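Spelled out, the chains give:
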Amino acid sequence: MKYRNANDILPEQLVKELQKYMQAGYIYIPAKAEQHRSWGELSGYRKELEKRNQKIISGYKRGLSMEELADYYHLSVYAIRKIIYQK
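Residues numbered from 1 in each chain as written. Predicted model: local features only at pLDDT ≥ 70, side-chain atom pairs only at ≥ 80, totals over all residues. Heavy atoms only, no water.

Is there a simple way to explain the overall build of the protein chain in this structure?
Scanning the protein chain from N- to C-terminus turns up five helices and zero strands. Here the C-alpha radius of gyration of the protein chain, 23 Å, is well above what a compact globule of 87 residues would show, namely 12 Å. Projected onto the principal axes, the alpha-carbon positions of the protein chain cover approximately 65 × 25 × 20 Å. Across the 87 residues of the protein chain, 14% fall into the buried class. A gap of 4 Å separates the mean positions of the 16 positive and 10 negative side-chain charges of the protein chain. (Helix = DSSP H or I, 4+ residues; strand = E, 2+ residues; numbered from the N terminus. Rg over C-alpha atoms; globule rule 2.2 N^0.38 Å. Buried < 20%, exposed > 50% of the residue type's maximum accessible area, 1.4 Å probe, protein only. Lys, Arg positive; Asp, Glu negative; His and termini not counted. Charge placed at Lys NZ, Arg CZ, Asp CG, Glu CD.)

Laid out in structure tokens, this is it:
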């Protein structure tokens, strides 16, 4: 998220109105519900993690130990366990 100066993007009257409530601070303006994207949706990272997790589960089902999977994927055994038992 990038911070923008209100004077650069809002009408002067709106800036003055906002200053009645807050000055020299940050205000978070959320996206409209219909425009909200869940985490990782835009970058594709969520799908990437899902594919990795499926490979971890498949490896475990093929007989790899949690320790082997943790070493291979550079994760803790605890993280591997969470991935395996999440479904």
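Just to check I follow, could you spell out the pattern of salt bridges for this structure?
Where side chains of opposite charge bring their charged atoms close, a pairing between them can arise. Inspection of the entire model under this criterion finds two salt bridges. Between Lys16 and Glu12 there is a salt bridge, with the nearest N and O atoms lying 3.2 Å from each other. With Lys16 and Glu12 both in helix H2 (residues 12–19) and four residues apart, the pair spans about one turn of that helix. Accessibility expressed as a relative area gives 57% for Glu12, which makes it exposed. For Glu17, the salt bridge is made with Lys20, and the minimal N-O distance between the two is 3.1 Å. Taking the relative accessible area as the measure of exposure, Glu17 reaches 32% and is therefore partly exposed. (Salt bridge = Lys/Arg side-chain N within 4 Å of Asp/Glu carboxyl O.)

What am I meant to see in the nonpolar core here?
In summary, soluble globular proteins display a tendency toward joint burial of nonpolar side chains. By size, the foremost hydrophobic cluster in this structure holds eight residues: Ile56, Ile57, Met66, Leu69, Ala70, Ile80, Ile83 and Ile84. Put simply, the parts of the chain that give this core at least two residues each are helix H3 (45–61), helix H4 (66–73) and helix H5 (77–84). (Core = buried A, V, L, I, M, F, W, Y, C linked by side-chain atoms within 4.5 Å.)

Just to check I follow, could you spell out the packing of H3 against H5 for this structure?
When two helices pack together, their arrangement is given by the angle between the helix axes and by the axis-to-axis distance. Interaxial distance between H3 and H5 falls to 9 Å at its minimum, and their mutual angle equals 90 degrees. Between H3 and H5, the interaxial angle falls into the category roughly perpendicular. Contacts between H3 and H5 pair Arg52, Asn53, Ile56, Ile57 and Tyr60 from the former with Ile80, Ile83 and Ile84 from the latter. Here the residues of the contact of H3 with H5 sort into six nonpolar, one polar and one charged. (Axes fitted to C-alpha atoms, helices over the stretch in contact; angles between N-to-C directions. Parallel < 35°, antiparallel > 145°, perpendicular 65-115°, else oblique. Contact = heavy atoms within 4.5 Å. Nonpolar A, V, L, I, M, F, W, Y, C, P; charged D, E, K, R; others polar.)

Is there a simple way to explain H4 in this structure?
Given 3.6 residues per turn, any residue in an α-helix points the same way as the ones three and four places further on. Along H4, the positions that sit buried rather than exposed are Met66, Leu69 and Ala70. What you see down the axis of H4 is that its buried residues fit within an arc of 100 degrees, all on one side. Exposed residues lying more than 90 degrees from the buried face of H4 are Asp71 and Tyr72. Buried residues in H4 make contact with H3 and H5. Where H4 terminates, the next one or two residues include His74, which has phi positive at roughly 60 degrees. (Arc of directions from axis to C-beta.)

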